[in-house]
Amino acid sequence: MILVPLQFQTDIEGTQSLFFRGKASVNEQGALVIEAGGLASFDTYFNLFSHEKYAKYCGISSARLCLTGRGRFRVCIYRKTEKGDELLKSAAFRDRLELVFDLPQGGGFVWFSLEAPDGGELLAGAFEADIPSPNEVKLGIVICTYKREEFVKRNMDRVQKAMNDAPEWKERMHFFIADNAKSLKLPENALYTVLPNRNLGGSGGFTRGIIEVCKDSSYTHFLLMDDDISFEFATLARTYNLLCALTPEHRNAAVGGAMLVLENPAMQYEFGGIFNGTRMLPCNRKFLLDRPADLLKNEAPIPANYNAWWYCCMPVSCVAEHGLPLPFFIKGDDVEYGLRCIRELILLNGIGIWHQDFSKKYNSALEYYLKRNQLVINALHFSAAKSHPALVFLYSVLKQLSLKNYEAAEVILRAYEDFFKGPQFFIETDPERLNAEILRFRPKELTREELAANCGSEILQLLDSPEKKKTSSIYKRALAMLENFVPGFFFHNKPRVFDTVNIQPNQTFLVRRCIYFKPDTESGILCELDTKRRRTIRRRTYRIFFKLLFRYKKMRRNYCRRAAELYSAAEWKKKFEQ
């Protein structure tokens, strides 16, 4: 059976090196044209063969490279390691090839090169292996969307085109699109089912789709995918084929997809994630996937304990065993469900999607969900010392005060206050109404002209080159937060402009007026020192700090005791029907 179907292109610019290298090009029919005497190499993200992982998860000891083309070719199969390329097998052929090779021992990955002495066209190809008893697999693919119609339509068109070329796939997967805005207009199609849904955030949309998948016993897996992504159908095919080939020992594994950055399509944002109770750490961030050295690093075992829901496939049996996701609305639901359900996570080069850069979507209102939901995750999955959450809280609030972002500080306070209302808060609260309240904490974004009107025209030059993040130690940042106890007359009056990504207190130390500017949208927020508001927030901070010291342990036991009630089907049904 096919394990890795070869791919030659996508409609995203700047991605050729993720598919092939060398003197070749893709024609209008989708074939790879190699010029006379030219050589095409496939030591690339989408076309390499992760032999060690397929041996481990699928129990195979040999594979074959199958190619179909027009012309005379010479193929060489290699194993790439940090020491270089080791030739495994080579052959000359005309038009068609099936070349069997034994999987080498050790790490690295297998790849091949193709030479065409007289020129030729490669029409299709794949790495295949004999799987004696493939698993029965059917995918229920869940997409949660909120006013991202163009992304969804484009992805559905791409899938439909692929299925028209290979109709056998129509019986292997079906899309369930949870439309939280109830605005998606798609023509009727057997490929997908649109589910108009209350806006219960990503948690509600994905859970609605999971419930629909579980209603049909023919589905073996659900695959969760964001709406604002771009992907190739071959990624779905590779995931499906992998699930079919898994040995009984690994049959309940989850399969995660890497996130590649849509604006910089050869850059990997995350290859699985690690949550350690304090921070969400993306694995292999900023790897450049057009570099074989970074592809080799991706082949090494990754200690990830969750995979984000831009692309995460799990067995349907997870729901019966572990329940549904928690009603988090957004942020952290994928982390908590991964910690609860995933015992084995498979990550492979070539299984990945492109997603918009998250830094462009950040706003301070998100701090509410990030902080509140992380508290719940910690309560359920970590036994940190009682002082630990208190210190994390204190740092989070004082940091926002140093940045003069009082809306973000207040939304963090609200997150902790709501956490201490206990599980009953999640049961009684209407998520749509709560989200409307939280969105009021978003600072107003100002245009260049409005910023100049507020701060003087001389600020326009600074907007064109905002200060970038400066590397600094946690101790230096913590020391800089002492400014929160310094009288206002010590602060500098001249405004300063900062990039919006990861600003630290040592950068804004004793700066009275801070502008956080987004060059791509030509807008920013103006944050100014307000000693009266700062003093009020500090008082609330002290109260919550001591609550965390003396009441956190009791609250943690409360969440652990009632967690199953929060993610039960009965509780979700109430939310969908409110």
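None of these values were measured; they are calculated from a predicted model.

Enquirer: Hey, could you run me through the state of the cysteines in this one?
Expert: Here is the idea: a disulfide is a covalent bond, and it sits between the sulfur atoms of two cysteines. For the structure shown, the criterion picks out 0 disulfides. The thiol sulfur of C76 is not disulfide-bonded, and the nearest other cysteine sulfur, from C66, lies at 17 Å. According to the relative accessible area criterion, C76 is buried, its value standing at 14%. Free cysteine: C214, not disulfide-bonded; nearest cysteine sulfur from C318 at 9.6 Å.

Enquirer: Which parts of the structure should I look at to understand the packing of aromatic side chains?
Expert: Two measures describe an aromatic ring pair: the distance that separates the ring centres and the angle between the ring planes. For the structure on display, the rule yields 30 aromatic pairs. Between F545 and F546 the ring centres are 5.4 Å apart and the planes differ by 80°, which places this aromatic pair in the edge-to-face class. The exposure class assigned to F545 is buried, which follows from its relative accessible area of 17%. Through successive ring pairs, a cluster of aromatic residues spans F328, F419, F420, F425, F426, Y552 and Y559.

Enquirer: Where do I start with the packing of helix 8 (residues 366–381) against helix 10 (residues 406–419) in this structure?
Expert: Packed helices, taken two at a time, are described by the angle between their axes plus the distance between the axes. Where helix 8 meets helix 10, the closest approach of the two axes is 8 Å, and the angle between their N-to-C directions is 30°. One element, helix 8, and the other, helix 10, form an angle in the roughly parallel class. The element helix 8 and its partner helix 10 pack so that their crossing is right-handed. Where helix 8 approaches helix 10, its residues E367, Y368, K371, R372, L375 and V376 are matched on the opposing element by V411, I412, R414, A415, Y416, D418 and F419. For the contact of helix 8 with helix 10, a count of residues per class yields 8 nonpolar, no polar and 5 charged.

Enquirer: How should the environment of A116 be read in this particular structure?
Expert: Following the sequence through the fold, A116 ends up in strand 8 (residues 109–116). A relative accessible area of 0% means that A116 is categorised as buried. Not counting residues up to four positions away in its chain, the partners in contact with A116 are I34, E35, A36, G37, G38, R72 and F73.

Enquirer: Would you take a moment to explain the nonpolar core for this structure?
Expert: The nonpolar side chains of a soluble globular protein tend to be buried with one another. F49, L67, V75, F112, L114 and L236 are the most contacted members of the largest nonpolar core, which has 125 residues in total. Not counting chain neighbours up to four residues away, the residues in contact with L114 comprise I34, G38, L39, A40, F42, L67, F73, R74, V75, F93 and L122. Ranked by size, the runner-up nonpolar core spans 50 residues in total, among them F275, Y306, L549 and Y552.

Enquirer: Even after reading the chapter, I still don't get unusual backbone geometry, so can you show me in this structure?
Expert: Glycine aside, negative phi is the norm for most residues, and most peptide bonds take the trans geometry. At F329, a position not held by glycine, the phi torsion is positive, near 70°. Mapped onto the fold, F329 is located in the loop between helix 6 (317–322) and helix 7 (333–341). One non-glycine residue, L510, lies in positive phi territory at about 60°. Among the secondary structure elements, L510 is positioned in the loop between strand 23 (496–499) and strand 24 (513–518). Take L510: its relative accessible area is 15%, and that puts it in the buried class.

Enquirer: I'm lost on helix 13 (residues 448–455) in this one. Help?
Expert: For an α-helix, the turn length of 3.6 residues means that residues three or four places apart are oriented alike. Of all the positions in helix 13, only R448, L451, A452 and C455 are classed as buried. All buried residues of helix 13 fall inside an arc of 100° around its axis, so they share one side. Turned more than 90 degrees away from the buried face of helix 13 sit E449 and A453, all of them exposed. Buried positions along helix 13 lie against strand 22 (446–447), helix 14 (459–463), strand 24 and strand 25 (523–528). Count one or two residues on from helix 13 and you reach G456, which has phi positive near 100°.

Enquirer: How should I be thinking about a positive patch on the surface in this particular structure?
Expert: Among the surface-exposed residues, K532, R535, R539, R543, K547, R551, K553, K554, R557 and R561 lie close enough to one another that they form a single positively charged patch. One can find R561 in helix 16 (residues 531–566). For R561, a relative accessible area of 61% gives the class exposed.

Enquirer: I would appreciate a short explanation of the sheet that holds strand 23 in the present structure.
Expert: Hydrogen bonding along the main chain pairs the strands of a sheet, whether they run parallel or antiparallel. In spatial order, the strands read 22-25-24-23; together these 4 strands make up an open sheet with mixed pairing. Only two strands of the sheet have a single partner each, and these edge strands are strand 22 and strand 23. Judged from the 6 bridges that link them, strand 24 and strand 25 form a sheet pairing that is antiparallel. By the bridge assignment, I515 is partnered in strand 25 with L526.

Enquirer: I would appreciate a short explanation of the pairing of strand 13 (residues 221–226) in the present structure.
Expert: Along a regular strand, successive side chains alternate from one face of the sheet to the other. With respect to burial, strand 13 is a largely interior element, 6 of its 6 residues being buried. As paired strands, strand 10 (residues 139–145) and strand 13 are joined by 6 bridges and run parallel to one another. Note on strand 13: the bridge partner recorded for L139 is H221. Bridge analysis of strand 13 against strand 20 (residues 311–315) gives 5 bridges, and the strand direction is antiparallel. Residue pairing in the sheet places H221 in a bridge with P315 of strand 20.

So, how was this worked out
Residues numbered from 1 in each chain as written. Predicted model: local features only at pLDDT ≥ 70, side-chain atom pairs only at ≥ 80, totals over all residues. Heavy atoms only, no water. Disulfide = S-S within 2.5 Å. Buried < 20%, exposed > 50% of the residue type's maximum accessible area, 1.4 Å probe, protein only. Phe/Tyr/Trp six-rings, centres within 6.5 Å; stacked < 30°, edge-to-face > 60°. Axes fitted to C-alpha atoms, helices over the stretch in contact; angles between N-to-C directions. Helix = DSSP H or I, 4+ residues; strand = E, 2+ residues; numbered from the N terminus. Parallel < 35°, antiparallel > 145°, perpendicular 65-115°, else oblique. Left-handed = near helix turned anticlockwise from the far one by under 90°. Contact = heavy atoms within 4.5 Å. Nonpolar A, V, L, I, M, F, W, Y, C, P; charged D, E, K, R; others polar. Core = buried A, V, L, I, M, F, W, Y, C linked by side-chain atoms within 4.5 Å. Arc of directions from axis to C-beta. Patch = residues over 30% accessible without salt bridge, like charges linked within 9 Å, V, L, I, M, F, W, Y side chains within 5 Å. Areas by Shrake-Rupley, 256 points an atom, 1.4 Å probe, with all protein chains shown as cover. Salt bridge = Lys/Arg side-chain N within 4 Å of Asp/Glu carboxyl O. Lys, Arg positive; Asp, Glu negative; His and termini not counted. Charge placed at Lys NZ, Arg CZ, Asp CG, Glu CD. Pairing = 2+ DSSP bridges.

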